[in-house]
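Here is how the chains run, residue by residue.
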Amino acid sequence: MEKIREVLNRYGNSKDNLIQIMLELQNISGTNSLPHEWVEFVAAELDMPLSKVYSVITFYAMFGIEPRGKYVIEVCKSAPCHVTGANNLLAMLENELKIKPGETTEDGVFTLIQSACFGACDISPAIKIGEKVYGNLTSEKLSEILNSYREGRNNG
Amino acid sequence: MDKVLSARFGKIRPDSVEDYINAGGYEGLKKAMSMEHLDAIEEIKKANLFGRGGAAYPTGIKWEQAYAIKRGPKYMVCNGDEGEPGTFKDRHILAEDPLQLIEGMTIGAYIMGAKEGFIYIRGEYTAIQRIVRSAIANAEKAGYLGKNILGREGFDFTLKVVSGAGAYVCGENTALVESIEGKTGRPRQKPPYIKNCGLYQMPTILNNVETYSCIPWIIKDGGETFSKRGTEFSGGTKLMCLSGNVQNRGVYEIPFGMTLRELIYDLGGGVTNGRKLKFVHLGGQSGSCFPESLLDTKICYYDLKKAGISLGSGAVVVVDDSHCVVDYLKNSMEFFEEESCGKCTPCREGTYRLVEIVNKLTEGTATMEDFNKMKSLAQTMKSASFCGLGQSAPVPLLTLVKYFEEEFLEHVNGKCRTGVCPMSKLNS
């Protein structure tokens, strides 16, 4: 809990910073999610009801409350990607990873989700892995990208 | 045409105050500091600048009203929650020339007497948040932010980047303010408007990234010069975002008055794969969808309004004739169903039911009664929803039905002419 306290201190233990605190905690969780004990701890430290904290983190799409893979792959499904082949891209990913949206690969490396527009419409159809955005994807390019994460050449 | 907002894109280090100044930056702030507050606001009024986030409220009037409010402290807030599908212009400003935004907000702070400002940037733009934070730190080091800015006693202004966490509705002003306060981003009852009662219940001046970025230019060159770049009714230039089935996708800075056809064909290179344009979705997900016959409309708030459409954020999604309007609508409605914050019934239930009916259309199981119910529900949402999200979510539906009713009726009769919808696969 030391790590959590450090983040809380940096944000002045302030309720106003709940979203910022939770984003940071999710980043250092290793599971791309917010473990229940952490949420409980934050709620107690900020003197907030646990239900209130959950109402905030479940409202925003970026927070996960179930453990996710080391890398979350977001496939954009908004209109500009939709009309330029997002469905094919999703099918390629499902095929390559052998999982459906919402699932995590057996080795725990990837979680696949569909997301709303993240502003990569100029290179649609696009995916986002961590902070990185990849567009104009072909099947070959996609395999190469996934391999770079699998082999640890790319750490997001 | 000379570019203004995008003139420095790719040419300077985005967080370097030195590069920014060498490229003409911070002239606006210096000039503003030598002007009377009301004269500076007058220039913005003369500029015919309308809010670039989508609502197109006249910025000069907004600032004049905010200035007249005597209560304080006042806050400067920037909406960088660019979540509108097909919109990626603010991303370019934030990543390539964030100091023009910072300068615009600083000019605002000078006029309003605000000491604190917040730039709310969507959570998906993590790398960009770092660039903006670095630009803020550098501006502070160089004396353009912080205490006694440019040596002026008592002119203090600090800026902070706040991250969103994935919620489209936070682009709505009051929801955004709630989110900065660390809460769920659900919109507030209006009035009171945020200019009176915004962040921490205090008067708040809130504008889009692109709007703030126009301010230094307006102050530096004068409102009239800015206004002349555009049309009689829309001053300046606009960053337009071309995406979808078009050759040269990207952000284009255009003078108001250019037609949509010129943008899509001359700059955008036309439709991809030699296909025909079926419709354009303008202004974001909640904008109008219209066919080729309206492409000669000028990009200008007034001309577009006369044609019954709105410019919104400047997103232009081009859709070719291989696509089905009902399938496209399904995609749009699913987006709103997911992004509805759930606060009011017309939007929460309306988006859910519309997805249900549109799904039936794609499966070929919808009746005429369903089709009529869909149209009537869309009208109900438009008039009864609590905020802009629910009020405008039915716009793509209503406009697609207006221009492509025949195709909807074909779906009622179990036929999808493009073969995109699932029923065509069942029948074949």
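Please read all numbers here as calculations on a predicted model, not as lab measurements.

S.K.: What is the right way to look at the overall build of chain B in this model?
M.R.: For chain B, the helix and strand inventory stands at 18 helices and 9 strands. In terms of C-alpha radius of gyration, chain B reaches 22 Å, essentially the compact-globule figure of 22 Å for 428 residues. Its C-alpha atoms give chain B principal-axis dimensions of about 75 × 45 × 35 Å. Burial analysis of chain B (428 residues in total) assigns 56% to the buried set.

S.K.: Please explain helix α15 (residues 368-384) of chain B as it appears in this structure.
M.R.: In an α-helix, one turn spans 3.6 residues, which is why side chains three or four residues apart end up on the same side. Here α15(B) is 17 residues long and its end C-alpha atoms lie 24 Å apart, about the 24 Å a rise of 1.5 Å per residue gives. Residues of α15(B) that are buried make contact with α14 (345-363), α16 (388-392) and α17 (395-412) of chain B.

S.K.: Hey, could you run me through the interface of chain B and chain A in this one?
M.R.: When the parts of a complex come together, some accessible area is lost, and that lost area is often used as the size of the interface. With 38 residues of chain B at the contact, the number on the chain A side is 28 residues. For the side of chain B that touches chain A, the secondary-structure elements that each account for two or more residues are α7 (126-141), β3 (158-163), β5 (237-244), β9 (315-320) and α13 (325-339) of chain B. Ranked by residues supplied to the side of chain B that touches chain A, first place goes to α13(B) with 4 residues. Of the residues contributing to the side of chain B that touches chain A, the split by class is 11 nonpolar, 20 polar and 7 charged.

S.K.: What am I meant to see in the domain arrangement of chain B here?
M.R.: All names here are of chain B. Its domain assignment divides chain B into domain 1 (17-228), domain 2 (239-320) and domain 3 (325-415). On the side of domain 3, 10 residues touch domain 2, which itself brings 10 residues to the contact. For the side of domain 2 that touches domain 3, the elements supplying multiple residues, two or more each, are β7 (277-282) and β8 (289-290). Across the side of domain 2 that touches domain 3, the residue classes break down as 5 nonpolar, 5 polar and no charged.

S.K.: Help me understand the pairing of β7(B), please; the structure alone is not making it clear to me.
M.R.: Two faces belong to every sheet, and in a regular strand the side chains alternate between them. Residue and element names in this part refer to chain B. β7 sits mainly inside the fold: 6 of its 6 residues count as buried. As judged from the 5 bridges shared by β7 and β9, these two strands associate in the antiparallel manner. Bridge assignment links Leu 282 to a residue of β9, and that residue is Val 316. Bridge count between β7 and β8: 2 bridges; the pairing is antiparallel. By the bridge assignment, Val 280 is partnered in β8 with Phe 290. Between β7 and β8, which pair antiparallel in sequence order, lie 6 residues; one of them, Gly 283, sits at a positive phi of approximately 90 degrees.

S.K.: Got a minute to help me understand the sheet that holds β7(B) in this structure?
M.R.: Backbone-to-backbone hydrogen bonds pair the strands of a sheet. The strands run either parallel or antiparallel. With mixed pairing, 5 strands are arranged side by side in an open sheet as β6-β5-β9-β7-β8 (chain B). Single-partner strands in this sheet number two, and they are β6 (250-255) and β8 of chain B.

S.K.: Which parts of the structure should I look at to understand the environment of Leu112(A)?
M.R.: Residues and elements named next belong to chain A. Note on placement: Leu 112 falls in strand β2 (residues 110-115). With 91 residues separating them along the chain, Leu 112 and Ile 21 place their C-alpha atoms 25 Å apart. With residues near it in sequence (within four places) discarded, Leu 112 still touches Ile 73, Leu 93, Leu 97, Ile 99, Pro 101 and Glu 103.

S.K.: Is there a simple way to explain the sheet that holds strand β2 (residues 116-121) of chain B in this structure?
M.R.: Residue and element names in this part refer to chain B. Read from one edge of the open sheet, 4 strands run β3-β2-β1-β4, paired in parallel fashion. The outermost strands of the open sheet, each flanked by one partner alone, are β3 and β4 (204-208). Adjacent strand axes in the sheet meet at a mean angle of 20 degrees when their direction is disregarded. In this sheet, β3 lies alongside β2 in parallel orientation, the contact comprising 6 bridges. Its bridge partner being in β3, Gly 117 is matched across the sheet by Leu 159.

About the criteria used
- Residues numbered from 1 in each chain as written.
- Chains lettered and ligands numbered in written order.
- Predicted model: local features only at pLDDT ≥ 70, side-chain atom pairs only at ≥ 80, totals over all residues.
- Helix = DSSP H or I, 4+ residues; strand = E, 2+ residues; numbered from the N terminus.
- Rg over C-alpha atoms; globule rule 2.2 N^0.38 Å.
- Buried ≥ 20, exposed ≤ 12 C-beta atoms within 10 Å, placed from the backbone.
- Expected span 1.5 Å × (residues − 1).
- Contact = placed C-beta atoms within 7 Å.
- Nonpolar A, V, L, I, M, F, W, Y, C, P; charged D, E, K, R; others polar.
- Domains from an automatic or database assignment.
- Pairing = 2+ DSSP bridges.
- Axes fitted to C-alpha atoms, helices over the stretch in contact; angles between N-to-C directions.

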